Amino acid sequence: IASGYPTPEGVVLWTRLAPEPHAGGGMPQATVEVAWEVAADEAFRKIVRRGTEIATPRWAHSVHAEVPGLAPAHNYFYRFHAGGVTSPTGRTRTAPAASAAAERMRFAFGSCQQYEQGYYTAYRHMAQEDLDLVVHLGDYIYESSWGRNHVRKHDAGEPVTLEEYRNRYALYKGDPDLQAAHAAFPWITTWDDHEVQNDYANDRSQHLDARDEFLRRRAAAYQAYYEHMPLPQRMQPRGPDALIYTRLDSGGLAVFHVLDDRQYRSYQVCARPGRGGSNVIRADECPERLDPKLTLLGPEQEQWLHDGLAAAGARWNVIAQQTLMAQVDRTVGEGRSFWTDGWDGYPKARERLLGFIEGKSVTNPVVLSGDVHTFAVADLKVDFDRPGLPVVATEFGGGSITSQGPSQKQTQAWQAENPHLRYANGTRHGYIAMELTAKRCTARMRAVNEKEPDAAVHTLAAWTVEDGRPGAQRGA
Ligand code: FE
Ligand code: CA
């Protein structure tokens, strides 16, 4: 069970009927009626809404019930009934009304949860926090087995077909700590590459598979994603296309602009011979990188983001997206090199976005990112090579739930070479707990030992952004 995409009036409730989750679901080729209930209390004495949905084999007997008519900024409990069985109970929370002067908002964000590389200890602790919302920035599943020191194993090879992707979600979602974090709070989610394939870009696979073949795979992967996430029905994919970028309001305090930087992007520049996907390239050997036609969001989403940033009346503009936005020159000393899968592969697109934010004086922009498996804090500038320029936005990189990151030596070199990168730690794993008030935004990096299911959590570092003053300050 899960819930997601809270509005002031409602929330999406999700479940999937799958008595044999690791073997395609185990349901008959027939539709099944699923009843849902929403109550004000955990004992379901005060039921405030109920309804039914039809679970179909076409969508793996998943349910995406859009509950209307709830009160803003309230906690609710929910459960499902089907075939004489009652689900566990989940708790969720609606968003505050747009007109409400919400005093405080708390949310956590995370990404990158390679199943083999660690337990979901981070989620066990996240479920115990006092949160209004969880934001997931992608790599919810990994298609491939990789990395060192596995604590558990994928039960199958790389998924390509719909049934194989479904089974991979079933494996990940069987984890009780992940289930607890879903049952505790509503989530909003976006995907990165590993929900389909490492480093894919738009309709191009990293192996340069035939386009039609890759789009069939993308369609299977997108469908399985929809079937396993608490997404609203409007995000249901059509073939290989799914519109999942969206905007959520949290009272007058925050607007969340949730991006999709995979589906519409230009291909990565200067790939290795005979391959697609990422590369680390020397800047002077890849002038194509500076082509202003390169896009990470695609023209429509880019325009949509600009419009939304210009119109937002909230105190904080939270841009929830996949990969590190700050420039990271990876060559120590003379010469510069960049990794082409992140914003560093699309520098003119980044300049357009940050230039727009500066030009329109967008209120308190805070960028959340995942992907690089590194807890990071960065001051974002329109041109990172001109140290005198003002800071226009603040970035927090959420580390990874389990996926292994760069060594301390690597992140120290990044920081020495890139002074706007204020903090970087790829050796620890967990999530960031955020608190927003009218006066400040506080980020607490919550770290665990992911190799131990019972490990304690502690705050690795805390950083603050003050209202009206872009740029991070150390401390809470
Ligand atoms: Fe990742
Ligand atoms: Ca350099």
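Everything quoted here is computed from the prediction, not taken from an experiment.

### Details of the state of the cysteines
Part 1 of the reasoning: Taken as a whole, this structure holds one disulfide when the rule is applied.
Part 2 of the reasoning: Between the sulfur atoms of C270 and its disulfide mate C286 the distance is 1.9 Å. Handedness here is read from the sign of the S-S torsion; for C270 and C286, about 90°, the answer is right-handed. One end of the pair, C270, is in the loop between strand 13 (254-258) and strand 14 (280-282); the other, C286, is in the loop between strand 14 and helix 5 (299-311), with 16 residues separating them in the sequence.

### Some points on the coordination of the calcium ion (ligand 2)
Part 1 of the reasoning: Only D329 (OD), T331 (O), G333 (O), G335 (O) and E417 (OE) from the protein reach the calcium ion (ligand 2) as donors, at distances of 2.3 to 2.4 Å.
Part 2 of the reasoning: Between consecutive donors of the calcium ion (ligand 2), the numbers of intervening residues give the motif D-x1-T-x1-G-x1-G-x81-E.

### Quick look at the coordination of the iron ion (ligand 1)
Ideal geometry at a metal centre gives angles of 109.5 degrees when four donors are arranged tetrahedrally and 90 or 180 degrees when six donors are arranged octahedrally.
Part 1 of the reasoning: At this site the iron ion (ligand 1) is bound by C112 (SG), D139 (OD), Y142 (OH) and H373 (NE2), with donor distances of 2.0 to 2.6 Å.
Part 2 of the reasoning: Geometry at the iron ion (ligand 1) is irregular, judged from the four donor atoms that bind it and their angles of 83 to 172° at the metal.

### Notes on the nonpolar core
Part 1 of the reasoning: Ranked by internal contacts, the top residues of the largest apolar core, which has 76 residues, are F107, F256, F396 and M434.
Part 2 of the reasoning: If one sorts the elements of this core by residue count, helix 4 (residues 211-228) sits on top with seven residues.
Part 3 of the reasoning: Those residues in contact with F107 that lie beyond four places of it in its chain are L131, L133, V135, F256, V318, L368, I432, A433, M434 and L436.
Part 4 of the reasoning: The next biggest cluster of nonpolar side chains, apart from the first, holds 36 residues, and it includes L324, L353, F356 and L380.

### So, the sheet that holds strand 24 (residues 469-474)
Part 1 of the reasoning: Ordered in space as 5-2-1-11-10-9-21-22-23-24, the ten strands form an open sheet in which the pairing is mixed. A strand with exactly one partner marks an edge of an open sheet, and here the two such strands are strand 5 (62-67) and strand 24. Each strand axis lies, on average, 30° off the axis of its neighbour in the sheet, ignoring direction.
Part 2 of the reasoning: The sheet contact formed by strand 21 (residues 429-437) and strand 22 (residues 440-448) spans eight bridges and is antiparallel.

### Side note on helix 2 (residues 162-173)
Part 1 of the reasoning: Between its terminal C-alpha atoms helix 2 stretches 16 Å, which fits the 16 Å expected from twelve residues at 1.5 Å a residue.
Part 2 of the reasoning: For helix 2, the buried fraction is high: nine of the twelve residues fall into the buried class.
Part 3 of the reasoning: Among the residues of helix 2, Y165, R166, N167, R168, Y169, A170, L171, Y172 and K173 are the ones counted as buried.
Part 4 of the reasoning: Its buried side turned inward, helix 2 meets strand 2 (11-16), helix 3 (176-184) and helix 4.

### With respect to the confidence of the model for the protein chain
Part 1 of the reasoning: Of the residues in the protein chain, 100% have a pLDDT of 70 or more, and the chain-wide mean is 97.
Part 2 of the reasoning: Put simply, strand 12 (residues 246-250) is where the protein chain has its lowest mean pLDDT, 95, and strand 1 (residues 2-4) is where it has its highest, 99.

### Observations regarding the packing of helix 2 against helix 4
Part 1 of the reasoning: Packing of helix 2 against helix 4 leaves a shortest axis separation of 8 Å and a crossing angle of 35°. Judged by the twist between their axes, the crossing of helix 2 over helix 4 is right-handed. Touching L162, Y165, R166, Y169 and K173 of helix 2 are R217, A220, A221, Q223, A224, Y225, E227 and H228, all from helix 4.
Part 2 of the reasoning: Of the residues contributing to the contact of helix 2 with helix 4, the split by class is seven nonpolar, two polar and four charged.

### Remarks on the pairing of strand 8 (residues 90-93)
Part 1 of the reasoning: Covered by surrounding structure in strand 8 are G90 and T92 only, the residues R91 and R93 on the alternate face being uncovered.
Part 2 of the reasoning: Relative to strand 8, strand 6 (residues 75-82) runs antiparallel, the two sharing four bridges. Residue pairing in the sheet places Y78 in a bridge with G90 of strand 8.

### Description of the packing of helix 5 against helix 6 (residues 347-359)
Part 1 of the reasoning: It is at 10 Å that the axes of helix 5 and helix 6 come closest, and there the two elements cross at 15°. In this view, helix 5 runs roughly parallel relative to helix 6, as classed from their interaxial angle. Helix 5 and helix 6 meet at a crossing whose hand is right-handed. Contact residues: E302, L305, H306, L309 and A310 in helix 5; R352, L353, F356 and I357 in helix 6.

### Here we look at the sheet that holds strand 12
Part 1 of the reasoning: A sheet is described by the order of its strands in space; here seven strands give the open sequence 12-13-15-17-19-18-20, paired in mixed fashion. With partners counted over all chains shown, the strands left at the sheet margins are strand 12 and strand 20 (421-425), one partner each. In this sheet, neighbouring strand axes are inclined to one another by 20° on average, regardless of whether the strands run parallel or antiparallel.
Part 2 of the reasoning: Pairing of strand 17 (residues 365-369) with strand 19 (residues 393-398) involves four bridges; the strand directions are parallel. Among the inter-strand pairings, V366 is bridged to a residue of strand 19, identified as T394.

### So, the side chain of R152
Part 1 of the reasoning: Locating R152 in the fold gives a position in the loop between strand 10 (133-136) and helix 2.
Part 2 of the reasoning: Given a relative accessible area of 15%, R152 falls into the buried group.
Part 3 of the reasoning: In this structure the side chain of R152 is engaged in a polar contact, spanning 3.1 Å, whose partner is the backbone oxygen of G118.
Part 4 of the reasoning: Side chain to side chain, R152 and D175 meet in a polar contact 2.8 Å long.

### Remarks on the packing of aromatic side chains
Part 1 of the reasoning: In the structure shown here, the tally under the stated rule is 17 aromatic pairs.
Part 2 of the reasoning: Seen in terms of ring centroids, W191 and Y222 are 3.9 Å apart; in terms of plane orientation they differ by 20°. Their pairing is stacked. One end of the pair, W191, is in the loop between strand 11 (186-189) and helix 4; the other, Y222, is in helix 4, with 31 residues separating them in the sequence.
Part 3 of the reasoning: Overall, W191 belongs to the buried group, its relative accessible area being 2%.

### Let's talk about the pattern of salt bridges
Part 1 of the reasoning: Taken as a whole, this structure holds 29 salt bridges when the rule is applied.
Part 2 of the reasoning: The shortest N-O distance in the salt bridge between R282 and E285 comes to 3.8 Å.
Part 3 of the reasoning: Taken together, the shared-partner salt bridges connect D192, D261, R262, R265 and D341 into one network.

About the cut-offs
- Residues numbered from 1 in each chain as written.
- Chains lettered and ligands numbered in written order.
- Predicted model: local features only at pLDDT ≥ 70, side-chain atom pairs only at ≥ 80, totals over all residues.
- Heavy atoms only, no water.
- Disulfide = S-S within 2.5 Å.
- Helix = DSSP H or I, 4+ residues; strand = E, 2+ residues; numbered from the N terminus.
- Donors = N, O, S within 2.8 Å, 3.2 Å for Na, K, Ca; no water.
- Tetrahedral: all angles 85-135°; square planar, octahedral: opposite > 155°, others 65-115°.
- Core = buried A, V, L, I, M, F, W, Y, C linked by side-chain atoms within 4.5 Å.
- Buried < 20%, exposed > 50% of the residue type's maximum accessible area, 1.4 Å probe, protein only.
- Contact = heavy atoms within 4.5 Å.
- Pairing = 2+ DSSP bridges.
- Axes fitted to C-alpha atoms, helices over the stretch in contact; angles between N-to-C directions.
- Expected span 1.5 Å × (residues − 1).
- pLDDT = per-residue confidence, 0-100.
- Left-handed = near helix turned anticlockwise from the far one by under 90°.
- Nonpolar A, V, L, I, M, F, W, Y, C, P; charged D, E, K, R; others polar.
- Parallel < 35°, antiparallel > 145°, perpendicular 65-115°, else oblique.
- Polar contact = N/O pair within 3.5 Å; in protein donor to acceptor, adjacent residues only side chain to side chain.
- Phe/Tyr/Trp six-rings, centres within 6.5 Å; stacked < 30°, edge-to-face > 60°.
- Salt bridge = Lys/Arg side-chain N within 4 Å of Asp/Glu carboxyl O.

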